[in-house]
Amino acid sequence: MNTEVVNDLNKWVSERPQWLQIAATRLLQQSELTANDVSELANLCQQEADGKLPKTTCSFPATAFSQGAAGSLRLCSISEVEGVNALAPKKPLEFGKGNITIVYGNNGSGKSGYVRLLKHVCGARETGTLHRNVYKPGAAAQKACISFEQDGVPKTHTWSGQGICDDLNSVDIFDTSFGKVFVSSEDEVSYEPPVLSFFSSLILTCEKVASALDIEANRHQSKKPNIPTDKKVTPEGIWYEAISAKTSTQDIDKHCSFGSADETEMQTLQQRLAEQAPAEKAKQLRKQKQHIDTLVQDAQKYLEQLSDESYRRIIAAKKKSILKKAAADTAAEKMFSGSELEGIGSDVWKELWEAARSYSLSAAYKEAEYPNVSDGSRCVLCHQTLTQEAKERLISFENFVKGEMQKAATDAAKEYDTASQTIEALPTSETLKTRIDAAGIPQDVASQVTDFFAQLQARKDLLPGIDSEEAIPDPLLSPKWIEEANAQSKNLGELAAKYDEDAKSDNREEIKKKLNSLQTRKWLSEHRAAIDEEVTRLKLLNQIKAAKKSADTTALSRKKGELAEALITDAFVQRFKAELKALGASQVKVELVKSKVSKGRVLHKLQLRGASQNGLADVLSEGENRIVSIAAFLADVTGKSNQAPFIFDDPISSLDQSYEEAVVQRLIELSEDKQVIVFTHRLSLLGTVRHFAEKKTIKPDVVSIRSADWGTGEPAPIPLSQSDIKSALNTLMNQRYQDAKKASENGEFEHAEILLKSICSDFRTLVERSIENDLLCGVVQRFQRPVHTLKLKDLAKLKDADCNLLDSLMTKYSGFEHSQPTESPVELPKPDDLLADMTSLKTWREEYLKRATL
């Protein structure tokens, strides 16, 4: 970078905030800032916002942004893949030792799965969704192990389904989705000159510092209590809601003071305004007073009914009743001593007599007196006609019942019953509780009331068993709760009168406001510490906000955009044109132009040159779209100084032969400096790569993958059509033939037959390839476009015996490569014959290759 640009940067940076200049200085000394650096810079940013950061300066040396040496990176293998599409390889996918590797596999063999995995691990632009095996619900979690070398040091990265590997984020991957980047939309170039990378780092630092300040601000959450809604409308509440960083201590003291005089005034106002409807409240209090008075009156009434005087009166009546009854019983015993039945004159007998009287007067003899002893009358009990003796007996019974003694006994019994009924039934516990609740009697007094009524009930229950005054229990005294209840009743009366007065007043609203203000001031005084803390917090947040403002990236982005326009766009456009030319697509009328700058990122787009509209995807053919995408991709990534690998997924899809060869030649050129990995399903690409690689004395690594019963992506032998004939023939003779022979010797005849058929089929393919490569000296080969006419001179060494040998082998083994009639199946050769044929081909090839041209 020239001195003029450095001087301009020095001047520009000197005008930035002090903390940002410190950050710039650190970035010049280290390529990446640590978490501690970011934390320190966030603190410096806050100090500067608070005016406590000393003045400092930052300058850039002329060599600050010179291009340094870049490190190298190689992908080595992918292993232990789980949960990625249908990939389930048991062996690692090795990428070889060379700089260009072709990964070949048929459709469905797992190529796309590997590419999608690498896009997620390396952080490609368009990663897409990486599904698990959709045919195996509940599959294992996603996982893969990537082995690589960084600056010659072996490393591994275990990917666990998310995130990218920072060491591999420089790997560039091209697949169909890349066409959307430049052809269908716009995107930023990956390459940045050092000065722009510095600005990118500085912008990222600002974003991290801003994020750290946000985290710091979030740590200081408000603990300010929510003021009750009714207090928000007071002057004190309005002040509280408007608290800010500018609120002074004196202002807080003024609004949060609350003393004993305020407490007394507040209680006075509360007594006057505790009830919103004083007239109604007065009625309720008088009703409550009435319940208390009634309860007290009842208690005093029961106390009087169960007094010793009442006890003595009832006991006297009881004694009289007992004496009168005894006298009547004695008289009856004398009168009826000669009766044939016992118990005449007893209480039971009297009940029977009265029942007979009732029956006679109401039903049997309505018009006659009881007992009816007229002629022909009958006994109302047994219905027999009364004899004279029976009549006389009935008349004597009636005279006894109506006699003085019996009358006196009856009157005494009634007098006792009347005296007993003067003690009324006491309320049940449930009824008593209801009356206590209605009276609003406090809980401690309520228990006294309940105990007193329980004592009254107990005293009442004792009365029937007491026969003398000596047995009367100690009298119950007037309980203390009656005094308390009377006092409460008096207070309720006075309070009701006070409510009546309040109902007539006309300044209640004013008193309410004053009371609410006092209550709010008391609330504020109780939360004084929280108010002080909130003001301190708001001051800190203001400081953080000012600090974050100085971390804004707008100025940095604008400056980077200015530099990018001069340093990136022209070079990038030239690279794109050069790539189009190298790929044989100069005739495609497209151009790459800068579209905009966003946050320091320079975005480019492809457009049709000289066209009225720029819809490339609608105008270009599929092949042209693909070649333009490849050119844009290469123009993007070749500007990088690092030695990161390139990965291509079927780059020649939709391309004709010319474009295909141009792309292959470009890939081989790239492989001279960087690792190039190509995934393909086309044997033609494999053959073309080998052809052009051979011209540059480059030996590409070829890896084959296949789909197995357990999943896709399994490494497999290279197809015979592309493998080395000598190696393939040795494998047939030394490994697979021996396996077939061993199976036959072990009696596994069916398995041996399958192995032999497979060997025969592959051997037939090798014979055919030997004709192309050896017999015809490789003049024309399948999957390769060029015709090697210079090799025609080598055909002079060809003899009839050579043709006869290969013709006989082709004839003998063609049946294993082409279908045959079912009525005449091809018989397998004996193992020894097969070995002999393979040996004859091997011997012939060795001799033919050494044979001199005649």
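An account of the accompanying structure is given in this report. This is a predicted model, so every value here is computed, not measured. (Residues numbered from 1 in each chain as written. Predicted model: local features only at pLDDT ≥ 70, side-chain atom pairs only at ≥ 80, totals over all residues. Heavy atoms only, no water.)

Regarding the sheet that holds strand β11 (residues 676–680)
Item 1. A sheet is described by the order of its strands in space; here 6 strands give the open sequence β6-β10-β11-β3-β12-β13, paired in mixed fashion. A strand with exactly one partner marks an edge of an open sheet, and here the two such strands are β6 (172–174) and β13 (711–716). For this sheet, the mean inter-axis angle between neighbouring strands, taken without regard to orientation, is 20°.
Item 2. Relative to β11, strand β10 (residues 646–649) runs parallel, the two sharing 4 bridges. Following the sheet pairing, D649 is matched in β11 by F679.
Item 3. With respect to the sheet, helix α4 (residues 111–122) is in contact with β3 (100–104), β6, β10, β11, β12 (701–708) and β13, its orientation differing from that of β11 by roughly 140°. (Pairing = 2+ DSSP bridges. Helix = DSSP H or I, 4+ residues; strand = E, 2+ residues; numbered from the N terminus. Axes fitted to C-alpha atoms, helices over the stretch in contact; angles between N-to-C directions. Contact = heavy atoms within 4.5 Å.)

Things to note about the pattern of salt bridges
Item 1. Summed over the entire model, instances satisfying the criterion amount to 38 salt bridges.
Item 2. The salt bridge involving R845 is made with D774; its shortest N-O contact spans 2.4 Å. Separated by 71 residues along the polypeptide, R845 in helix α28 (residues 831–850) and D774 in helix α26 (residues 749–775) bring together distant segments of the chain. Each member of the pair, R845 as well as D774, carries the same accessibility label: buried.
Item 3. Taking the shortest distance from any N to any O, the salt bridge between R851 and D802 comes out at 2.6 Å. In this pair, R851 is assigned in the segment after α28 and D802 in helix α27 (residues 800–813), connecting sequence segments 49 residues apart. The two residues R851 and D802 agree in class, both being buried.
Item 4. In this structure, a network of salt bridges that share partners links the residues D298, K301, E424 and R435. (Salt bridge = Lys/Arg side-chain N within 4 Å of Asp/Glu carboxyl O. Buried < 20%, exposed > 50% of the residue type's maximum accessible area, 1.4 Å probe, protein only.)

Observations regarding the environment of E753
Item 1. Within the fold, E753 resides in helix α26.
Item 2. Counting along the chain gives 10 residues from E753 to A743, while the straight-line C-alpha distance between them is 9.0 Å.

Overview of the packing of aromatic side chains
Item 1. Tallied over the full model, the rule gives 15 aromatic pairs.
Item 2. Relative to F199, the ring of W12 lies with its centre 5.7 Å away and its plane at 45°, an arrangement referred to as tilted. Of this pair, W12 sits in helix α1 (residues 3–14) while F199 sits in helix α6 (residues 194–219); the two residues are 187 residues apart in sequence, bridging distant segments of the chain. As far as the burial class goes, W12 and F199 line up, both buried.
Item 3. One residue, K301, lies across the ring of Y302, its end atom 4.9 Å from the ring centre.
Item 4. Above the plane of the ring of Y311 lies R459, whose end atom (NZ or CZ) is 4.5 Å from the centre. (Phe/Tyr/Trp six-rings, centres within 6.5 Å; stacked < 30°, edge-to-face > 60°. Lys NZ or Arg CZ within 6 Å of the ring centre and 35° of its normal.)

A word on the packing of α27 against α28
Item 1. Here α27 crosses α28 at 150°, and the two axes come no closer than 11 Å. Here α27 runs over α28; the crossing is left-handed. The segment α27 lies against α28, with D802, L805, L806, L809, K812 and Y813 engaging D833, L834, D837, S840, L841, W844 and Y848.
Item 2. Taken together, the residues of the contact of α27 with α28 sort by class into 8 nonpolar, 1 polar and 4 charged. (Left-handed = near helix turned anticlockwise from the far one by under 90°. Nonpolar A, V, L, I, M, F, W, Y, C, P; charged D, E, K, R; others polar.)

Observations regarding the nonpolar core
Item 1. If you look at the biggest cluster of nonpolar residues, it comprises 40 residues, and the most contacted ones within it are F576, I627, V628, F648 and V663.
Item 2. Those elements that place two or more of their residues in this core are β3, α20 (554–582), α22 (622–637), β10, α23 (657–670), β11 and α24 (683–695).
Item 3. With 9 residues, α22 is the single largest residue contributor to this core.
Item 4. The residues contacting V663, other than those within four sequence positions of it, are L583, I627, I630, P651, I652 and L655.
Item 5. Residues I292, L303, W481 and Y499 belong to the second largest nonpolar core, which totals 35 residues. (Core = buried A, V, L, I, M, F, W, Y, C linked by side-chain atoms within 4.5 Å.)

A closer look at the pairing of strand β4 (residues 143–150)
Item 1. Judged from the 7 bridges that link them, strand β1 (residues 73–82) and β4 form a sheet pairing that is antiparallel. Of the residues in β4, the one forming a bridge with I78 is I146.
Item 2. Pairing of β4 with strand β5 (residues 153–159) involves 7 bridges; the strand directions are antiparallel. Within the sheet, the bridge partner assigned to S147 lies in β5 and is T156.
Item 3. Hairpin geometry of β4 and β5 is characterised by an intervening segment of 2 residues between the two adjacent antiparallel strands and by a positive phi of about 55° at D151.

Overview of the sheet that holds β1
Item 1. An order of β2-β1-β4-β5 is seen for the 4 strands of this open sheet, with the pairing classed as antiparallel. For this open sheet the edge positions go to β2 (93–94) and β5, each flanked by a neighbour on one side alone.
Item 2. Summarising the sheet, β1 and β2 pair through 2 bridges and their orientation is antiparallel. Across the sheet, S77 pairs through a bridge with E94, a residue of β2.

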